[in-house]
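Survey of secondary and tertiary structure
Each chain is listed here by its residues.
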Amino acid sequence: MAASILSVMKDVTGKNVLVSVVVVFLCVVARPPMTVAKILDNESESAVYEIEAVQGGMAKLPCNITPTVPGDKMRIVIWFKEEANKKRVPIYSFDSRDKDLEAGKHWADDLLLGGRAHFRYQEEPAKLTLDNVRESDGGVYSCRVDFKQSPTRIVKINVSIIIPPEKLSVLNENGVHIPDYILGPYNEGSAVNITCVATGGRPLPNVTWWQENALLDDSFEKLPNRQVRNVLHIEKLERKHLHTVFTCQALNNNLVAPISSSVTLDINLKPLWVKLIGENKPLSADNTYELSCEVVGSRPVPTITWWKGSIQMKNTRETTSPDLNTTTSVLTFTPTVEDAGKYLSCRGQQSMIPDSGTEDGWKLDIHHVPLVTLELGSTLNGSTIKEGVDVYFECNIKSNPWVYKVSWRHNGKQIYHNAQTNTIVTNQSLVLQSLTRSKAGYYTCVGHNQEGDGESNPVFLDIKYAPVCRPGQQKIIGVARHETARILCELEANPPEVQFVWKFNNSAGTVDIPQNQVHTEKTRSTAAYKPVTTLDYGTLLCWGKNEIGVQTEPCVYYINPAGKPDPLSNCTIMNQTADSLYVECIAGFDGGLHQEFIMEVYDTQTRKLVSNVTSRTPIFAVGGLESGLGFNIGLYAANKKGRSGVVHLQAFTLKSAEKHTASTPVLLQITPLLGALIGVVAALILVAVIIVIVIRIRGGGDRDDKDYDDGGLSMAGRRSSRHGDKASTEPLNKDLNDSVDSLEEKNPDIIPQSNGEDDYQDEERAFERLNNAPSRMVTRIQSPNSQSKNGSYDKYNKKNEEITYAELSLTNQQMPHVIYTQQAIPMSVLRRQEPTVYAQLDMSNRVPMSTLQPLSPPHPSTFQTLHHPVTHLPPYMPRSFREDQLQDGNMSSEAPLINPRDTSALQPLLEANNSKSSTLSSQPRIVTATRF
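Residues numbered from 1 in each chain as written. Predicted model: local features only at pLDDT ≥ 70, side-chain atom pairs only at ≥ 80, totals over all residues. Heavy atoms only, no water.

We now examine the overall build of the chain. In terms of helices and strands, the chain carries 9 helices and 61 strands. Taken over 932 residues, the chain has a buried fraction of 39%. A separation threshold of at least 6 residues defines the contact pool for the chain, and within that pool the share at least 24 residues apart is 65%. (Helix = DSSP H or I, 4+ residues; strand = E, 2+ residues; numbered from the N terminus. Buried < 20%, exposed > 50% of the residue type's maximum accessible area, 1.4 Å probe, protein only. Contact = heavy atoms within 4.5 Å.)

Here you go:
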């Protein structure tokens, strides 16, 4: 019986390979066992297999190892290969005698198989696999299986090796291999032939053309040298053929996939349409526009050109859509007046396809700003214009619409009609009279209309003039003896070709500088000058001459002996930070030489140099300093002759901010020591408050006592004053009383800080009020020093009281001024700065010299009797003095306490009083207060 069996094998790549196996079983049916089969070499049966394998793949040789006797076991399997002489050669064995199959021993002929063979006894049927099959592996193989009980079995396998095609080649019409498998490009509408050639293979393969899964052409022809060819013909290429993929396949077996090669067809396409984007609107001349043109359907990117009439435009740029189907060209266009009425077109063309162009265009409508040209007056020669002459310009305008204004500019700045500066502006003309060199430069005229401003071409007015000194030159030059100085003289001249003359002038006369010591280059001249004696110091004079004339005033340079520079001035710390300082100064005279400026920074504590800064200008900046420190800064200038005096500054760097490492507040922990300290402070504050309250209560009661006479210092004293004296005494007493009250209201534990400026202003205001008070009949005391100036007092007014106001400044360096106040308890003393004391003296009853006694400070014990109910004695006068004088009826006074050491201050008053005693009693006069 014969049967065909199809089995699926797997090669080394894991792909399914269809292997056709033809198995022919030869057996004898219904025969006795001894005649079942002819035993050859003790073989009980035999079989033949036909298999195919692809070169490079895997071959699987089957061998049935299943025993025919139940319970029997395979012992050994031996594989043979028949050689050309029919001799069988063992190539592989699997020995499992006296052991399990898993422990069986494999053997292979490495020379023939090279480690490519492996026996798989687990499969059904068992197989010997050959990897990476070679063409030499083809032939007849035998598998001999020995069992323990069953008869030996021999299986034959005929292995056929298939060789696939070696390569495929896709060629164009010229028989050239297609690079990158891109065919073309071909122009739209043309025909094309594509050739595919397969080389090698056994048997020869079939060659076919496919488009995706559709078979296009299966006609092929066999060529010599084991080649097969198929030619695909396309009559007319259309847009639908763009990027079409054509695949050529070569196949000679069903075990492996066919080899194939694909090409992509590339086609050049014509533009479908060309269109200008937007509307045709009027354009303004000299304005820049961007016009867009769209070309659709061309491949590859089309050639887009812009035309203005017959002139091609060049200022364009192009962009292409991602699908390469649309190309947009943008023209940057600046129309001119001459473009009006011309045809602007956009033309798109596929350069690879002849006659494929198409276009779209507009007729231009141009508005423009004025077109202006400027020229010098037709009767003038621009190369011969000198200072002092008159010139004029003419402005020519072409404008649509016409200009509404014409303006003129000089070096970019607008000029106006001004007869005082000899500038005459008319509508389209400019006249410049009596030219000066400042009028030289570029002139333009501007026309203005609704479209904008049109400026003309610039016309340069070149004014010729004789040389003059260039301003800003160094005039004072310091030179040492026997030192050669090079003095530079710079002139301004037109034309710049100048001849120079140098002279030296001093008290002895004027001397010419030899030309061999002078170097001249157009408007610059340098003279080498070396003073030898003191007579060689003076002034150098420099003149220039050109074709216009000679310089009228020479350039003067003062040659002085070189010296040290002057110190810096007005040095100020402009800025200070935690680590830097910035200082600016004003430079002094440089001593006639180049100077530089130095700042030295020293640490105040260590007196070490911290930084040294040198600058060409007196501006200094130093950084990297330590924060929170003080510094001594020395600043000076230096030149070759030495350095100036040092200017010193005190500076400091700011303290850097502390870093806080925690944001949560820290509560204050009250320790026993801190608690005791807080208690003591609180007790002191309480005691101070109580003392202040007691003082204010008792002080208020004392001030209400009507029997107390404070000499006019308190409010009560002022209220008890006579009505006639109110205008003169109240301003003085009020200021003084206010100062006493303010001192009493303050904490007695705190020493008040007085303000000298405020006291001085208060005194000045009091004195001013005294001078401005109503006129009173007072007696003027003549100072001894003013007798000759003021004359004698021989005129008096007897209608009023004779009162004199005097201001005494009593200064005592040892004893501060003291104000005493009367209280029930011992006197309290309030200290304050010494004021200017104003005294009110009643001179109607003068005091004889014999009765005037030196004043002494009051004593607390004497103050117990000061408050007299009848006489109301001033509390600051000694008892003996007051009683004696009041009994005689000679004098009454209101004055603050005077120290005995300062009694000399009253001496001029007493002397003047004695000298004029007779006059004072008979002829009073009106006087003003006197400060001395």
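Across the sheet, 4 strands lie side by side as β12-β14-β18-β17; this open sheet has antiparallel pairing. The strands lining the two open edges of the sheet, one partner per strand, are β12 (167-171) and β17 (221-223). Strand-to-strand, the axes of this sheet are offset by a mean angle of 25°, without reference to chain direction. (Pairing = 2+ DSSP bridges. Axes fitted to C-alpha atoms, helices over the stretch in contact; angles between N-to-C directions.)

Bringing the state of the cysteines into the picture now. Tallied over the full model, the rule gives 7 disulfides. Each sulfur in the disulfide pair C395 and C445 lies 2.1 Å from the other. Between C395 and C445 the disulfide shows an S-S torsion of about 80°. By sign, it is right-handed. With C395 in strand β31 (residues 391-400) and C445 in strand β36 (residues 441-449), the pair connects residues that are 50 residues apart, well separated along the chain. Given a relative accessible area of 0%, C445 falls into the buried group. What pairs with C571 in a disulfide is C585, and their sulfur atoms sit 2.1 Å apart. Residues C571 and C585 are joined through a disulfide that is right-handed, its torsion about the S-S bond being 120°. (Disulfide = S-S within 2.5 Å.)

Evaluation of the coordinates by the stated rule reveals 19 salt bridges. Its salt-bridge partner being R202, residue E135 comes within 2.9 Å of it at the nearest N-O pair. Of this pair, E135 sits in the loop between β9 (126-130) and β10 (139-147) while R202 is found in the loop between β14 (192-199) and β15 (206-211), placing the two residues 67 residues apart along the sequence. Judged by relative accessible area, E135 falls into the partly exposed class, the value being 42%. Classification of R202 by relative accessible area gives partly exposed; the value is 37%. (Salt bridge = Lys/Arg side-chain N within 4 Å of Asp/Glu carboxyl O.)

Moving on: the side chain of S284. Here S284 is to be found in strand β22 (residues 283-284). Among the polar contacts listed, one links the side chain of S284 to the side chain of E451, at a separation of 2.6 Å. Contact partners of S284, with chain neighbours within four places excluded, come to Y289, P335, H367 and E451. (Polar contact = N/O pair within 3.5 Å; in protein donor to acceptor, adjacent residues only side chain to side chain.)

Side chains F620 and V622 of strand β52 (residues 619-622) all project onto a buried face; the interleaved residues I619 and A621 project onto a face where none is buried. Judged from the 4 bridges that link them, strand β49 (residues 581-586) and β52 form a sheet pairing that is antiparallel. Bridge assignment links E584 to a residue of β52, and that residue is I619.

In this structure, the amide linkage connecting E124 to the following residue, P125, adopts the cis form with an omega of -10°. Within the element layout of this structure, P125 appears in the loop between β8 (117-120) and β9. In this structure, P203 follows R202 across a cis peptide bond, with omega equal to 0°. Of note, P203 is situated in the loop between β14 and β15. Even without glycine at this site, D98 takes up a positive phi of about 55°.

Moving on, we get to the environment of V77. By the secondary structure assignment, V77 is in strand β5 (residues 74-82). Given the relative accessible area of 0%, V77 is considered buried. Not counting the four nearest positions on each side in its chain, V77 is found in contact with I65, Y92, S93, F94, F119, C143, R144 and V145.

This next bit is on the nonpolar core. Judged by nonpolar contacts, the single largest core of 29 residues is most densely connected at L61, I65, V77, W79, F119 and I157. Of all the secondary-structure elements, those providing two or more residues to this core are β3 (43-54), β4 (59-63), β5, β6 (88-95), β8, β9, β10 and β11 (152-162). Every residue in contact with W79, bar those within four places of it in the chain, is listed here: L61, P62, C63, V89, P90, I91, Y92, F119, L128, S142, C143 and I157. In this structure, V228, F246, L265 and L269 belong to the second largest nonpolar core, which totals 22 residues. (Core = buried A, V, L, I, M, F, W, Y, C linked by side-chain atoms within 4.5 Å.)

Strand order in the open sheet made by the 3 strands is β48-β49-β52, with antiparallel pairing throughout. Edge positions in the sheet fall to β48 (569-576) and β52, since each of these pairs with one other strand and no more. With direction set aside, neighbouring strand axes in the sheet form an average angle of 15°.

Another aspect to go through is the pairing of strand β32 (residues 405-410). Strand direction decides the pairing type here: β32 and β36, joined by 6 bridges, are antiparallel. Note on β36: the bridge partner recorded for R409 is T444. Pairing of β32 with strand β33 (residues 413-415) involves 3 bridges; the strand directions are antiparallel. Counted as the bridge partner of W408 is I415 from β33. Connecting β32 to the next strand, β33, in antiparallel fashion are 2 residues, including N411 with a positive phi near 55°.

Low pLDDT means the predicted atomic positions in that stretch should not be read closely. Taken over all residues, the pLDDT of the chain has a mean of 74, while the share at 70 or more is 68%. Contacts from residues 1-45, a stretch scored under 50 in pLDDT, to residues over four places away or in other chains number 67 contacts. (pLDDT = per-residue confidence, 0-100.)

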